[in-house]
Amino acid sequence: MSDSLAAGLNLAQLEAVNYFEGPCLVLAGAGSGKTRVITHKIGRLIQSGLKAEQIAAITFTNKAAAEMRERAKKLIGRPAKGVLICTFHSLGMRMLRQDGEVLGLKKQFSILDTDDVTSIIKDAGGGTDAATARQWQWTISRWKNMGLNSAQAAEIASGEEEALTARIMARYEERLTAYQSVDFDDLIGLPLKLLQEHDAVRTKWQESLGHVLVDEYQDTNATQYEVLKCLVGERGRFTAVGDDDQSIYGWRGATLDNLKKLPVDYPNLKVVKLEQNYRSTSAILRAANNVIGPNPKLFPKTLFSELGEGEPVRVVDCDSEEHEASRVVARIQSLRAEGSLQAAGGQYREWKDFCVLYRANHMAKPFEKAFRKANIPYKVSGGQSFFDRAEIKDLCCWLRLLANNDDDPAFMRAVTTPKRGIGHTTLGGLGTFASQYKLSLFEALFSHSLSSVLPAKALASLNEFGRYLNDLEYRAKRTVGAEDALVFLKDWLKEIDYEKNLYDGEDSEKIAAAKWTNVMDFCEWMAQRCGGQDDDEAGGVITAPLKTMLEVVQSIALLSTLSEREGEQNVVTLSTLHAAKGLEWPHVVLAGVNEGLLPFKMEDDDGHNTDDIALRLQEERRLMYVGITRAQRTLAVNWLRRRKKGRDTIAGLPSRFIAEMALSKETVKEDPREKIKALRAEFAQRALDAAALQAASQAATPATAKVPAWE
Ligand code: ATP
Ligand code: MG
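Residues numbered from 1 in each chain as written. Chains lettered and ligands numbered in written order. Predicted model: local features only at pLDDT ≥ 70, side-chain atom pairs only at ≥ 80, totals over all residues. Heavy atoms only, no water.

Novice: I'd like to hear about the overall build of the chain, residue by residue, with values.
Specialist: Each helix and strand counted, the chain has 30 helices and 20 strands in total. Of all 711 residues assigned to the chain, the portion counted as buried reaches 50%. Counted over contacts in the chain with a minimum sequence separation of 6, partners at least 24 positions apart contribute 76%. With the model as given, the accessible surface of the chain reaches about 33900 Å², and the carbon-plus-sulfur share is 53%. (Helix = DSSP H or I, 4+ residues; strand = E, 2+ residues; numbered from the N terminus. Buried < 20%, exposed > 50% of the residue type's maximum accessible area, 1.4 Å probe, protein only. Contact = heavy atoms within 4.5 Å. Areas by Shrake-Rupley, 256 points an atom, 1.4 Å probe, with all protein chains shown as cover.)

Quick look at the structure:
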């Protein structure tokens, strides 16, 4: 093993990295270097003679995949390029694109996002409200994750509500087939079907993969485990790494059974345990170990850190959400100030060293406001980008279709948004016809023989849509400059009656109006591009020659990559606890650690049976454990004395998890004002010293440390 690969691994990690004859499970607590084992093992496998293409590493999110790719490239260099590093979902997509035809799926099948699914289910349910549709969607997804189809779901359905949901599911399935579309759950379910029912496909995949590595194994669901089993076959050449104490996706079907089953399904499983935590100080790690203590243990683990005791964990009580946000601002500013004092010692704190974690998405709002006011750059991790908004996606689909008539997913969305009396039976007929003759939907629409499969009325509506698209394309080609572009866009939106569609589709008028404002912003933005403004790589605006609408539209496909341009930004991260899994920051604040928020209390908890509630509490405790263990050097845990609940403000209680951290009393309280005062005094002293020094040496060096404006 080369030095660079072996360096930075302890003996237990080396053991896991060097074992590739059979199945291997690395089971260890947070920050113990499990993910590091995966990256190094990729290198080791390549060194042992496997081709990069024969290795698949599966991560939990696209972001984690991107990060692992980056790390692997640094460690292994060019050969890492060929390794398949992706999520279960993108692996599934790849399998379906390659081999899905045996399931009757067209090569360019569309992938529906959650919004698409909601609107199809809404439609399948006869136009119910969005909330009910989402409820059905949730149940259907749960069934799909259990590997059930609508017929099987109908058999196990209990009560009238579930029976109804199973009937909706059957209609939903019909529509997906007709539209040649799959949803996210299908990206796991269908590949499994492919592997289980088609021997040739299974053999092909098993032979092409020499080793499969899975990160965050504790959060795989039953279907994903079955996919893994089919992929590795009896030889079972895989490495799974995970931590049962960090299983936090039970609500999405992830199951610890997968961990329990491994030693049973693979009696020769090699189990490696890691005990040293390389991430956090002892103070932080102790709080984490204390919190997770009360949970029942699937596998007993010990975890120690050699990074020293470090700063005590702080508990900060806040009067309200706004007060909490301002205390976090003060904390960040004072830690930064402290860091710049110690800059010579390499302790300088960048914005990206800070992270604020919370239980629910909406909790980001007060922080966003306070950060903006204090000029603190930030990003909301997992937040929705402009181009992910449903209304913007609607418009982009239309425009994409103008640029590329063969873009079937775009066709599907455009033809149904807004509704133009082309029902799912017609689209089903068109879809089957297109896949039979290997045509795109747009091509199929103009085919003479389509009349043999569709009734005249349906055909006429389709043709009208096709002609309208052609006309729009013709106009787009001839639209040049910002002014004309705006006219073109507004005419088009009027012709398809998009504003009405927005208002009809939303229960709340306020939301519809906000969406319409987004649409107008988008039009402005497009028009500017036609008028010769362009974003350069760095995001600045440069001037370019006038463009036609069609030219601008053609570059739209690249837009989706805009949101991925996140990269390594030097900004504070705001993130949900769930989205922070696997990541680490030097300074972490856990926000809103209140009873009712973390552990989260559902409205209907009182009606639930106590076993369910106990299990949920354990999952919430694991979430707290995940939160604490994201911190490397400092950790603050906030709770609110009064908090908002719906429209009311209620009294807040500190979460039971704060007591469970068992912090020593004298370290618990922190008064940032005291700290800031002390720092100010120190700064002033420093400035005096510097001035004195400067005067003495008569050197004309400019002052570098700038006192930040706090408060
Ligand atoms: P999590 O459970 O949160 O996913 P993990 O077990 O995957 O954590 P890693 O993210 O791989 O842990 O490692 C945690 C930190 O410790 C990283 O910064 C990593 O670079 C560092 N690390 C891991 N192993 C070692 C080692 N042997 N020597 C020094 N640093 C290490
Ligand atoms: Mg990890």
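There is more to say, and it comes next.
Novice: Pulling in residues and values, what's your account of the nonpolar core?
Specialist: The biggest cluster of nonpolar side chains holds 68 residues, and the ones touching the most others in it are W398, F411, F465, W492 and M549. Top element by residues in this core is helix 17 (residues 390-403). It accounts for 8 residues. Each of domain 2 (110-179) and domain 4 (386-559) accounts for three or more of the residues forming this core. Those residues in contact with W398 that sit more than four places away from it in its chain are A414, T417, R420, F465, Y468, L469, L472, W492 and I496. If you look at the next biggest cluster of nonpolar residues, it comprises 38 residues, including L192, V214, L228 and F299. (Core = buried A, V, L, I, M, F, W, Y, C linked by side-chain atoms within 4.5 Å. Domains from an automatic or database assignment.)

Novice: Can you explain the site of ligand 1? Please cite residues and give values.
Specialist: What surrounds ligand 1 is a group of 19 residues, the closest being K34, T35, Q246, E584 and R630. In this structure, an oxygen atom belonging to ligand 1 sits 3.0 Å away from a main-chain N or O atom of G33. At a separation of 2.8 Å, an oxygen atom of ligand 1 approaches a polar side-chain atom of T35. Surface burial for ligand 1 is 87%, taken as the share of its 630 Å² of free accessible area covered by protein chains. (Near = heavy atom within 4 Å. Polar contact = N/O pair within 3.5 Å; in protein donor to acceptor, adjacent residues only side chain to side chain.)

Novice: Help me get a handle on the pairing of strand 20 (residues 648-651), residues and values and all.
Specialist: Strand direction decides the pairing type here: strand 19 (residues 642-645) and strand 20, joined by 4 bridges, are antiparallel. Directly across from K645, in strand 20, lies its bridge partner D648. Counting the residues in the hairpin turn of strand 19 and strand 20 gives 2 residues, including G646, whose phi is positive at 60°. (Pairing = 2+ DSSP bridges.)

Novice: Describe the sheet that holds strand 3 (residues 84-87), with residues and values.
Specialist: Spatially, the 6 strands line up as an open sheet ordered 3-2-6-7-1-8, and their pairing is parallel. Pairing within the sheet leaves two strands with one partner each, and these edge strands are strand 3 and strand 8 (270-274). Put simply, the sheet's adjacent strands are angled 15° from each other on average, direction ignored. Judged from the 4 bridges that link them, strand 2 (residues 55-59) and strand 3 form a sheet pairing that is parallel. When the sheet's bridge partners are listed, A56 is paired in strand 3 with L84. Most of the contacts of helix 5 (residues 88-99) go to strand 3, to which it runs at about 110°, and overall it touches strand 2, strand 3 and strand 6 (211-214). (Axes fitted to C-alpha atoms, helices over the stretch in contact; angles between N-to-C directions.)

Novice: Summarise the packing of aromatic side chains; cite the residues concerned and give the values.
Specialist: Counted by the stated rule, this structure contains 12 aromatic pairs. The ring of W351 is capped by R336, whose NZ or CZ atom sits 3.7 Å from the centre of that ring. (Phe/Tyr/Trp six-rings, centres within 6.5 Å; stacked < 30°, edge-to-face > 60°. Lys NZ or Arg CZ within 6 Å of the ring centre and 35° of its normal.)

Novice: Requested: an account of empty space enclosed by the protein, with residues and values cited.
Specialist: Per the stated rule, a full pass over the model turns up 4 cavities of 30 Å³ or more. Quantified by volume, the second largest cavity comes out at close to 50 Å³. Contributing to the lining of the second largest cavity are Q206, L209, G210, H211, V212, L231, V232, R235 and R237. (1 Å grid on protein atoms, 1.4 Å probe; cavity = no way out; pocket = protein on both sides within 12 Å on 5 of 7 lines; lining within 4 Å. Points joined across faces, edges and corners; volume = space filled by probe spheres on them.)

Novice: Mind laying out the confidence of the model for the chain, listing which residues take part and the relevant values?
Specialist: Taken over all residues, the pLDDT of the chain has a mean of 84, while the share at 70 or more is 85%. Taken together, the stretch residues 535-542 has pLDDT below 50 and engages in 13 contacts with residues farther than four places along the chain or on a different chain. (pLDDT = per-residue confidence, 0-100.)

Novice: Outline helix 3 (residues 34-47), listing residues and values.
Specialist: Between the first and last C-alpha of helix 3 there are 20 Å, a value that for 14 residues agrees with the 20 Å anticipated at 1.5 Å per step. All of the buried residues in helix 3 are K34, V37, I38, T39, H40, K41, I42, G43, R44, L45 and I46. In the segment just after helix 3, G49 is the residue with positive phi, at about 115°. (Expected span 1.5 Å × (residues − 1).)

Novice: Help me get a handle on the sheet that holds strand 11 (residues 314-318), residues and values and all.
Specialist: Here 6 strands make up an open sheet; going across it, the order is 11-18-17-12-16-13 and the pairing parallel. The open sheet has two edge strands, strand 11 and strand 13 (378-380), and neither has a second partner. The average undirected angle you get between the axes of adjacent strands in this sheet is 20°.

Novice: Lay out the pattern of salt bridges with the relevant residues and their values.
Specialist: Close approach of charged atoms lets side chains of opposite charge pair. For the structure shown, the criterion picks out 31 salt bridges. For R372, the salt bridge identified is with E368, shortest N-O distance 3.5 Å. With R372 and E368 both in helix 16 (residues 365-373) and 4 residues apart, the pair spans about one turn of that helix. R372 sits in the exposed class, given a relative accessible area of 55%. Given the relative accessible area of 16%, E368 is considered buried. Notably, a salt bridge pairs R621 with E660, separated by 2.9 Å at the nearest N-O pair. Linking R621 in helix 27 (residues 610-628) with E660 in helix 28 (residues 656-660), this pair joins segments that are 39 residues apart in sequence. For R621, a relative accessible area of 7% corresponds to the buried category. Among the ionic contacts, a cluster of salt bridges with common partners joins D243, D244, D245 and K301. (Salt bridge = Lys/Arg side-chain N within 4 Å of Asp/Glu carboxyl O.)

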